[in-house]
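# Residue-level structure breakdown
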Amino acid sequence: MQLTHIAIENLSISALNMRHSKRAPDISDILPSVRTRGVLVPLLVRPNGTGSTYEIVAGRRRYFAAKAAAEEKGAAVPLPCAVMEDGDDADALEASLIENIARQEADEMTQYEVFTRLIVKEGRSIEQIAATFGLTERQVQQRLALGNLLPKIRDAYRAEQIDADTIRYLTMATKRQQGEWLKMFEADDAPFGHGVKQWLFGGTSIPTKVALFSLEDYAGQITADLFGEDSYFTDPDLFWQKQNEAIAARRDAYLEAGWTAVAILEPGQTFNAWEHEKTAKKKGGKVFVAVSHRGEVNFYEGYVTRKEAQRAARKAEKETPDAGETEKASTPEVTGAMQTYIDLHRHAAVRAKLADDTGVALRLMVALAIGGSRLWSVKPEPQRSGREETDASVKASAGQIVFEERRMEALALLGLPEGCGLVSGHAESTAVIFARLRDLPHKDVMRVLAAVMADSLEAGSALVEAVGVHLQVDLHKTWTPDDAFFDLLRDKSVVNAMVAEITGKAVANGNVAATGKVQKQIIRDCLAGTNGREKVTGWLPRWFAFPVQTYRKD
């Protein structure tokens, strides 16, 4: 490289100058100096192969300022120039970019275009470009990522119609998504800035750093943000399946390690430490699991609620809890309303069977005559729950329908009108009923007896359990899942256990952190064979078995 002075008319802007295609530059800041002192810093030029003319690789603004000053004075002086060797386009590109970056940082789109030319035409590597321009390899990759954008989006960015944040988020978009965004942009309805990120990921972006599972086990696509530090899952459904399976595995590991319980909170529900007290595992401490909508999972080991802690302290001191306190040390598996629902359905099924078994009815009557019963006044079981939904469910059950048929048959045998009660509600005296029973054949008396015993069997009592076990009652024949049952199903861990019972452990684990509503819908879909689920028949909750079974150990 040699220094010399070259006449201004022998100079032109090189196509390799990084700002070659731009309009005339703003020279207002340097023109006063060039008027007074001329051009002091040499321009970087190289022969253009046509005689004594040269093209400017770097120094475009100084050149335009010198031309402006010459036009004002009516005379031009040669400009100082550093002449490069002819033919090295890569060096010329680098020199132009370095000179401009040193003076005024080039925009990212210009850097992308120059870096691309260096790689494609001159064979430069990312490592070489990074070393030449004092950038990190990641920064070079960020500029090159702009090449993934549709040309119209790049043009809009260069025209300053799109801001830098928007263009960076668009580099994560597929060509199809870019096309959709461009249509919205042209219709003045496109998201910008962080809104592009939300639009790309359906409102919630899930970064890979929150995954509890190995990314090697994730079969979906992962989108990297070259301008940030995160990468994101593009298939949220697949992410949640893998994340739920990982949560379920952690839950099982905690239980195997001896923790009394693992409580998985509803998605988005915050674990508030001030509402709990630290409690060691050996003293009944639990593990609470909080799951955010963005996929973050936090495990809080060794806590119980404050009420549970206070109750444990009273128990240790042998104190009696307040009479008005109704909450138990451990949340029951079923609510009171659900227990009533279960009791009434079990009762309906048992007395339907009892009404057909005269031998058992006779023996039961003898047992009641000896031991007594809350109902042995005698009066009928009212079968009222206080909830219209439960009452309607029981009334429509097959067990209740069968019993009603037997009750009507007994009324007919006694000569009583259909609208009256079998045990009470009629005007006939006991003497008249006795006279009618006396005249009936033995087998008809036993049919009436069985119906009376069924009508006066107390719901929710130990007798229902004992008779149900003895008669081998099967609720598959009298009960079907209905809305009242699902509305009363509240405990999320029990719902998850039911999902596992119906569809298998994999599906249950894959939805362990889903809301109770979502998991109950899975059960509904399996029982109905809807929404792509294979139909499952013959399922009966453990609560309806004889003898009764449960889902939880506590």
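This text gives an overview of the structure that appears in the document.

Conventions we followed
- Residues numbered from 1 in each chain as written.
- Predicted model: local features only at pLDDT ≥ 70, side-chain atom pairs only at ≥ 80, totals over all residues.
- Heavy atoms only, no water.
- Helix = DSSP H or I, 4+ residues; strand = E, 2+ residues; numbered from the N terminus.
- Contact = heavy atoms within 4.5 Å.
- Areas by Shrake-Rupley, 256 points an atom, 1.4 Å probe, with all protein chains shown as cover.
- Core = buried A, V, L, I, M, F, W, Y, C linked by side-chain atoms within 4.5 Å.
- Buried < 20%, exposed > 50% of the residue type's maximum accessible area, 1.4 Å probe, protein only.
- Pairing = 2+ DSSP bridges.
- Expected span 1.5 Å × (residues − 1).
- Axes fitted to C-alpha atoms, helices over the stretch in contact; angles between N-to-C directions.
- Salt bridge = Lys/Arg side-chain N within 4 Å of Asp/Glu carboxyl O.
- Left-handed = near helix turned anticlockwise from the far one by under 90°.
- Nonpolar A, V, L, I, M, F, W, Y, C, P; charged D, E, K, R; others polar.
- Parallel < 35°, antiparallel > 145°, perpendicular 65-115°, else oblique.

### Some remarks on the overall build of the protein chain
Along the backbone of the protein chain there are 23 helices and 11 strands. In the protein chain, of all internal contacts separated by at least 6 residues, the share reaching a separation of at least 24 is 69%. Only carbon and sulfur atoms are counted for the fraction: they give 51% of the accessible area of the protein chain, which is about 29300 Å².

### Some details on the nonpolar core
Judged by nonpolar contacts, the single largest core of 44 residues is most densely connected at Met338, Tyr341, Phe485, Met498, Ile523, Trp539 and Trp543. Here this core takes six residues from helix α13 (residues 336-354), the largest share from any one element.

### Thoughts on the pairing of strand β5 (residues 79-83)
Where burial is concerned, most of β5 is hidden: five out of the five residues are buried. By the alternation rule, side chains of β5 split into Leu79, Cys81 and Val83 and Pro80 and Ala82, which are all buried. As judged from the five bridges shared by strand β1 (residues 2-6) and β5, these two strands associate in the antiparallel manner. Directly across from Thr4, in β5, lies its bridge partner Cys81. Judged from the three bridges that link them, strand β3 (residues 43-47) and β5 form a sheet pairing that is parallel. When the bridges of β5 are listed, Val45 appears paired with Val83.

### Here's the deal with helix α23 (residues 516-528)
With 13 residues, α23 should cover 18 Å at 1.5 Å per step; its first-to-last C-alpha distance of 18 Å lies within 8% of that length. Looking at α23, one finds that the buried residues are Gly516, Gln519, Lys520, Ile522, Ile523, Asp525, Cys526 and Leu527. Taken together, the buried residues of α23 touch α20 (483-488), α21 (492-503) and α22 (505-510).

### Some words on the sheet that holds strand β11 (residues 297-305)
Sheet architecture is open: four strands sit in the order β8-β10-β11-β9, paired in mixed fashion. Sheet topology places β8 (262-264) and β9 (276-278) at the edges, where each strand pairs with a single neighbour. When strand polarity is set aside, the average angle formed by the axes of neighbouring strands in this sheet is 50°. Pairing between β9 and β11: three bridges, direction antiparallel. Bridge pairing in β11 places Lys278 opposite Tyr303.

### Structural notes on unusual backbone geometry
Cis geometry marks the peptide bond from Phe546 to Pro547, where omega comes out at 0°. Looking at where Pro547 falls in the secondary structure, it is placed in the segment after α23. Non-glycine residue Asp188 carries a positive phi angle of around 55°. By relative accessible area, which is 74% here, Asp188 ends up exposed.

### Regarding the sheet that holds strand β4 (residues 54-58)
The sheet built from five strands is open, its strands ordered β1-β5-β3-β4-β2 with mixed pairing. In this open sheet, the two edge strands, each paired with only one partner strand, are β1 and β2 (11-13). Taken pair by pair, the neighbouring strands of this sheet meet at an average axis angle of 45°, ignoring direction. Taken strand by strand, helix α2 (residues 60-73) contacts β2, β3, β4 and β5, and its axis lies near 130° from that of β2.

### Re the pattern of salt bridges
Applying the stated criterion across every chain yields a total of 21 salt bridges. Put simply, Asp29 and Arg61 hold a salt bridge, and the shortest N to O gap is 2.5 Å. In this pair, Asp29 sits in the loop between β2 and α1 (31-37) while Arg61 sits in helix α2, placing the two residues 32 residues apart along the sequence. For Arg61, a relative accessible area of 13% puts it in the buried group. Members of the salt-bridge network, linked through shared partners, are Asp356, Glu405, Arg406, Glu409, Lys443, Asp444 and Arg447.

### Remarks on the environment of Glu418
Within the element layout of this structure, Glu418 appears in the loop between α16 (398-414) and α17 (430-439). For Glu418 and Arg407, which are 11 residues apart along the polypeptide, the C-alpha to C-alpha distance reads 9.2 Å. Not counting residues within four places of it along the chain, the set of residues in contact with Glu418 comprises Arg407, Met408 and Leu411.

### Side note on the packing of α13 against α16
Closest axis-to-axis distance for the α13/α16 pair is 8 Å, and the angle between their directions is 35°. When the axes of α13 and α16 are compared, the crossing they make is left-handed. Here Ala348, Arg351 and Ala352 of α13 lie close against α16, whose contacting residues are Gly399, Gln400, Val402 and Phe403. In terms of residue class, the contact of α13 with α16 is built from four nonpolar, two polar and one charged.

### Description of the packing of α13 against helix α18 (residues 442-455)
Packing of α13 against α18 leaves a shortest axis separation of 8 Å and a crossing angle of 165°. Looking at the two axes, α13 sits roughly antiparallel to α18. Along this stretch, α13 crosses α18, giving a crossing that reads as right-handed. Contact with α13, carried on its side by His347, Arg351 and Leu354, involves Ala450, Met453, Ala454 and Asp455 of α18 and no other residues of that element. Taken together, the residues of the contact of α13 with α18 sort by class into four nonpolar, one polar and two charged.

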